[in-house]
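Overview (structure and organization)
Chain by chain, the residues:
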Amino acid sequence: MKVLVAVKRVVDYNVKVRVKADQSGVDLTNVKMSMNPFCEIAVEEAVRLKEKGVATEVVAVSIGPKNAQEQLRTAMALGADRGILVETDEQLSSLAVAKILAKVAEEEQPQIILMGKQSIDTDNNQTTQMLAALAGFSQGAFAAGLVVEDGKATVEREIDGGMQTININLPAVISADLRLNEPRYAKLPDIMKAKKKPMDTKTPADYGVDTASKVKTLKVEPPAERSAGIKVGSVEELVDKLKNEAKVV
Amino acid sequence: MGILVIADHHNSDLTPVTANVVAAAKAIGGDIHLLVAGADCQAAAEAGAKLEGVSKVLVADNAVYANQLAENTAALVATLGKNYTHILTGATGNGKNFMPRIAALLDVEQISEIISVESADTFKRPIYAGNAIATVQSEDAIKVITVRGTSFDAVAATGSASIEAIAEVTDAGLSSFVSEELAASDRPELTAAKVVVSGGRGVGSAEKFDIIYKLADKLGGAVGATRAAVDAGYVPNDLQVGQTGKIVAPELYIAAGISGAIQHLAGMKDSKVIVAINKDEEAPIFQVADYGLVADLFDAVPALEQQL
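A brief report on the enclosed structure follows.

1. A word on the overall build of chain A
When helices and strands are tallied, chain A shows six helices and 13 strands. Overall size of chain A, expressed as C-alpha extent along the three principal axes, is 65 × 45 × 40 Å. The 249 residues of chain A split such that 53% are buried. For chain A, contacts bridging at least 24 residues in sequence account for 70% of all contacts bridging at least 6. Accessible surface computed for chain A: about 11300 Å², of which carbon and sulfur atoms make up 47%. Distance between charge centres in chain A, computed from 34 positive and 35 negative side chains, equals 2 Å.

Right, here's the structure in full:
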C-alpha cells in the first residue's frame, strides 16, 4: 500500500520568535527554518511502515515556498521514496491545505496519510481532521501507537486523562502525537541519495483549489509579560507570603 | 440563529470546561444552545441545563455517540450546526478531535483555542507556542471555534434550561471504539484544579516524584509535569503541562525542579500565583515566578508540605 506523508516548513523549534513592530506578524527574516517536529514523527512512522513491509511506497508532500524542498529532501533522506512540492508563497489556511491534500490523495490513492498533529507556528491542530472529512476518510488524531493489519488500522490515541484505542477503516488520515516514536537522524549517505530522488513541483491552481481565506489576521502582538516577583530566603518565608500576602493557601 | 456549544462530558457528568465555553458564548452574545452527544448521557444533559446563559439543551443519546468518535459526532453537528452563527467547544482532547472535522464538512475555517472575544467575529488566539497573540476576524457565515477554558471564568450553575431530545442518528461506519485506559485518581482534574504542583526532570525518578504527589495532596491540588519529566518516564503523559500538553491557570502553581522551557511556560504562565523552587538561581522559571526559592527541591518540597 502507498503511504502519503505531509510535512511543513516552519520556524525551528529552538528559535524564540519576535513580533514585528508594525504588528503584521512575527519576524522570520534570517530565522532558521526546519521541518515541523510533529511532521518528523509522521515521516518516521511512514518509514517504519515501509520497513515492516506494510507500505510499498512512501510519498512526501509539502505545501509552501520553494525552499520547502529542503524539508522534502530531509523526508527523502529519512526514507521517503519521492516528493511533491505544492509551491505557494501565501500563508494558507488549514482548510485550504486540507483541500489541496485531498486532491493530492485523489491522485495518489494512498491507504494511509500521516501528518503531524499540529504545526508549531500557527498551532491550529486542524489539517488532519479537515482532510479526513473532505476525503471522507476515517481519522486517527493524536496517535501514540499504530498497527496496520487486515485492511484496518488500530490507533492508540492520547485523550484527556489517558489513552483510547480505536479501530478505523482504511483509507485513513492519522496525526502523530509526540510519543508515537522517536525520529531517527538522517545519515550522510542517505542525504546524498535523497538528492537524486524524484520531486514534482505543482501549484495550488494545478489542483483547482481556491485558497482565499475568510479569516483575516488584524494584528499580532507579543503576549503580556509576566514580571518576575521576589526571591524568598526560606521555606518559612515562602509559607508566610503564600498565607498572608498572596492568600492562596 | 444563535450559538451552539458542544458539551465536553463523560456521559455521567459534564467536565468543568463546558461552563467556561458557555462564558465565551455569552461574551459573543446570542441565544445559546448546548449539545450533549453521548450515550446514557442524561446526567450530563441535566448538569448542562443548569449552566447560566443556556436556553436549551439538545441531547443526542445513542450508542453511536458513546465514545465521541469524531466521524459520528462531526456528521451530527454538521447537519445541526447549519442553523447557528457560531459553534463552540472546549479545546480539549475531544474538541480538538471532532471540531475541525465539523468545520471542513461545513466548508468553513476553524479558529482554534481562542483566549478572548473582541466582538462576534473577532477573537484573540495564541500562536507560536504563546510567544505571540494574533487578533483574527472571520467572515465565515458559521464561525467554528475552540475555546481555551482557562481564559474564561466559568458561568454559574444556577440556570434551568429546557431539555430536548434529538432523534437523528448518524453512524458514519468508519471507526469503532476498542478500549480506554484512564488514569484512576482522587485528585482534581489538572485543568480544573485550584492548585497544581509540578515537577521537572530535576525530580530525578518516578519514585522521587512521590514528594510532589504528597505536597499536591496536602494542598488538595493536582500534579503536573514538564515534557522532560514525562519523556523520562517519571509520570504518565497526561500530566504534561505545556504547549503540547495541558494548559492550566490555577490559583497557585508550584514548579519544583523546573527550569522553565518556553514550551512549559506556555502551559502555565496564566496561573494567578507562581512559586518556583529550583537550585539553579539562573533558571528562567524565576523570571515568571511571583515567589522564587533557590533551594534543593528535596529539602524544600517536604519542608513546605510539613509547614502548610
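2. Considering the nonpolar core
Counting residues in each nonpolar core, the largest one holds 52 residues, and the members touching the most others are Leu 35, Ile 87 and Ile 102 of chain B. Here this core gets nine residues from one element, more than from any other, and that element is helix α3 (residues 94-108) of chain A. The contacts of Ile 87 of chain B, once residues within four sequence positions are left out, are Leu 4, Ile 6, Val 77, Gly 81, Met 99, Ile 102, Leu 106, Ile 142, Lys 143, Val 144 and Ile 145 of chain B.

3. Concerning the packing of aromatic side chains
Scanning the entire structure with this criterion turns up two aromatic pairs over all chains. Aromatic side chains Phe 209 of chain B and Tyr 234 of chain B sit 6.4 Å apart centroid to centroid with 50° between the ring planes, which places their arrangement in the tilted category. Taken as a pair, Phe 209 of chain B in the loop between β12 (195-199) and α5 (210-218) and Tyr 234 of chain B in the loop between α6 (227-231) and β14 (252-256) lie far apart in primary sequence, 25 residues in all. Put simply, the rings of Phe 209, Tyr 213 and Tyr 234 of chain B pair up and form one aromatic cluster. The side chain of Lys 117 of chain A reaches across the aromatic face of Phe 142 of chain A, ending 6.0 Å from its centre.

4. Section: the side chain of Asn 72 of chain B
Within the element layout of this structure, Asn 72 of chain B appears in helix α3 (residues 70-80). On the basis of relative accessible area, Asn 72 of chain B is assigned to the buried category, the value being 2%.

5. Some details on helix α4 (residues 127-135) of chain A
Burial within α4 of chain A is extensive, with seven of its nine residues counted as buried. For α4 of chain A, the complete set of buried residues consists of Thr 127, Thr 128, Gln 129, Met 130, Leu 131, Ala 132 and Ala 133 of chain A. Tucked into the core, α4 of chain A has its buried residues touching α3, β6 (112-116), β7 (138-149) and β10 (172-176) of chain A together with α4 (93-105) and β5 (110-114) of chain B. Just beyond α4 of chain A, the residue with positive phi is Gly 136 of chain A, at close to 75°.

6. Comments concerning the interface of chain B and chain A
Listed by partner, the interface residues are 83 residues for chain B and 77 residues for chain A. For the pair chain B and chain A, the summed buried surface comes to about 6600 Å²; carbon and sulfur atoms form 53% of the total. Per-residue buried area on chain B facing chain A is highest for Glu 109, Tyr 128 and Tyr 291 of chain B; these three make up 12% of the total on that side. Summed over the shared surface of chain B and chain A, the result is four salt bridges.

7. What about the sheet that holds strand β9 (residues 143-147) of chain B?
Residue and element names in this part refer to chain B. Read across the open sheet, the seven strands follow the order β5-β9-β4-β1-β2-β3-β10; overall the sheet is parallel. The open sheet is flanked by β5 and β10 (162-165), the only strands paired with a single partner. Each strand axis lies, on average, 25° off the axis of its neighbour in the sheet, ignoring direction. Pairing of β5 with β9, which is carried by three bridges, proceeds in the parallel orientation.

8. Concerning the packing of α5 of chain B against helix α8 (residues 297-307) of chain B
Residue and element names in this part refer to chain B. Two elements in contact, α5 and α8, have axes whose closest approach is 9 Å; the angle formed by their N-to-C orientations is 25°. Here α5 is positioned roughly parallel relative to α8, judged by the angle of their axes. Here α5 and α8 pass one another in a crossing that is left-handed. On the side of α5, the interface is formed by Ile 211, Lys 214, Leu 215 and Lys 218, while α8 contributes Leu 297, Phe 298, Val 301, Pro 302, Leu 304, Glu 305 and Gln 306. When its residues are assigned to classes, the contact of α5 with α8 shows seven nonpolar, one polar and three charged.

Scoring rules and cut-offs
Residues numbered from 1 in each chain as written. Chains lettered and ligands numbered in written order. Predicted model: local features only at pLDDT ≥ 70, side-chain atom pairs only at ≥ 80, totals over all residues. Heavy atoms only, no water. Helix = DSSP H or I, 4+ residues; strand = E, 2+ residues; numbered from the N terminus. Buried < 20%, exposed > 50% of the residue type's maximum accessible area, 1.4 Å probe, protein only. Contact = heavy atoms within 4.5 Å. Areas by Shrake-Rupley, 256 points an atom, 1.4 Å probe, with all protein chains shown as cover. Lys, Arg positive; Asp, Glu negative; His and termini not counted. Charge placed at Lys NZ, Arg CZ, Asp CG, Glu CD. Core = buried A, V, L, I, M, F, W, Y, C linked by side-chain atoms within 4.5 Å. Phe/Tyr/Trp six-rings, centres within 6.5 Å; stacked < 30°, edge-to-face > 60°. Lys NZ or Arg CZ within 6 Å of the ring centre and 35° of its normal. Buried area = accessible area lost by both parts, 1.4 Å probe. Salt bridge = Lys/Arg side-chain N within 4 Å of Asp/Glu carboxyl O. Pairing = 2+ DSSP bridges. Axes fitted to C-alpha atoms, helices over the stretch in contact; angles between N-to-C directions. Parallel < 35°, antiparallel > 145°, perpendicular 65-115°, else oblique. Left-handed = near helix turned anticlockwise from the far one by under 90°. Nonpolar A, V, L, I, M, F, W, Y, C, P; charged D, E, K, R; others polar.

Everything listed here is a matter of coordinates, which is why it stays silent on function.
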